[in-house]
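Letter by letter, the chains look like this.
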Amino acid sequence: MKIKKILTNYRYYVMFLLMTVAVLGIFSVPIDEQPFISWLYCLISSKLIGLASGWILYKLIQRWDRMGTIPEFTNMSNDF
């Protein structure tokens, strides 16, 4: 029964998407063959996108936790 609740709750999909963007943005490295300015721009922008995605994820988890709309995630994190 809990699996069905998790699969039908769109918030978990949003959390997974934001987490994926954050991890890819933070750990990605630009191609070395680019000119230095372009390489630096790609490096900084990918890190900013990753950090912004992580911050949005954090704020959404706080909000949804207060509202009680992600109880499975809250219970799992409390048990861990």
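These figures come from a predicted structure and were not determined experimentally. Residue numbering note: each chain is counted from 1, following its sequence as written. Since the coordinates come from a predicted model, pLDDT governs what is reported: local features require at least 70, and pairs of side-chain atoms require 80 or more to be given and counted, while whole-chain, interface and lining totals use all residues. Calculation of side-chain values draws on the structure's entire complement of heavy atoms; hydrogens and water are dropped beforehand.

1. Examining the nonpolar core
Within soluble globular proteins, side chains that are nonpolar generally end up buried alongside one another.
Moving on, step 1. Take the buried Ala, Val, Leu, Ile, Met, Phe, Trp, Tyr and Cys residues and link them wherever side-chain atoms come within 4.5 Å; each set so joined is a nonpolar core. The buried label applies to any residue whose accessible area, calculated with a 1.4 Å probe on protein chains only, is under 20% of its type's maximum; exposed applies above 50%, and partly exposed to all values in between. Counting residues in hydrophobic clusters, the biggest one holds six residues: Tyr-12, Met-15, Leu-18, Leu-57, Trp-64 and Ile-70.
Moving on, step 2. Here a strand is any run of E in DSSP of at least two residues, a helix any run of H or I of at least four, and the numbering for each starts at the N terminus. Looking at this core, the elements with two or more residues in it are helix H2 (10-27) and helix H3 (36-67).
Moving on, step 3. When residues in this core are grouped by element, the largest group, three residues, is from H2.

2. With respect to the packing of H2 against H3
Moving on, step 1. Structural elements are reduced to axes, namely lines fitted to C-alpha atoms, with helices fitted over the stretch in contact, and the angle between N-to-C directions of any two is expressed from 0 to 180 degrees. The contact between H2 and H3 brings their axes to 7 Å, and the two run at 150°. Taken together, the axis directions place H2 and H3 in an arrangement best described as roughly antiparallel. Seen from above, H2 lies across H3 with left-handed handedness. Between H2 and H3, the contacting residues are Arg-11, Val-14, Met-15, Leu-18, Met-19, Val-21, Ala-22, Gly-25, Ile-26 and Phe-27 on the first element and Ser-46, Lys-47, Ile-49, Gly-50, Leu-51, Ser-53, Gly-54, Ile-56, Leu-57, Leu-60, Ile-61 and Trp-64 on the second.
Moving on, step 2. Gly falls in the polar group here, along with every residue not listed as nonpolar (Ala, Val, Leu, Ile, Met, Phe, Trp, Tyr, Cys, Pro) or charged (Asp, Glu, Lys, Arg). Grouping the constituent residues of the contact of H2 with H3 by class yields 15 nonpolar, five polar and two charged. If an angle is under 35 degrees, it is roughly parallel; if it is over 145, roughly antiparallel; if it lies from 65 to 115, roughly perpendicular; otherwise it is oblique. If you view the pair so one helix is near and one far, a crossing is left-handed when the near helix is turned anticlockwise from the far one by less than a right angle, and right-handed when it is turned clockwise. Residues count as neighbours in contact if any of their non-hydrogen atoms are within 4.5 Å of one another.

3. Comments concerning H3
Side chains of residues three or four places apart in an α-helix project in the same direction, reflecting 3.6 residues per turn.
Moving on, step 1. Over its 32 residues, H3 extends 46 Å from the first C-alpha to the last, a length consistent with the 46 Å expected when each residue adds 1.5 Å.
Moving on, step 2. For H3, the elements touching its buried residues are H2.
Moving on, step 3. Following H3 by one or two positions, Gly-68 has its phi on the positive side, about 80°. A helix is expected to span 1.5 Å for every residue after the first.

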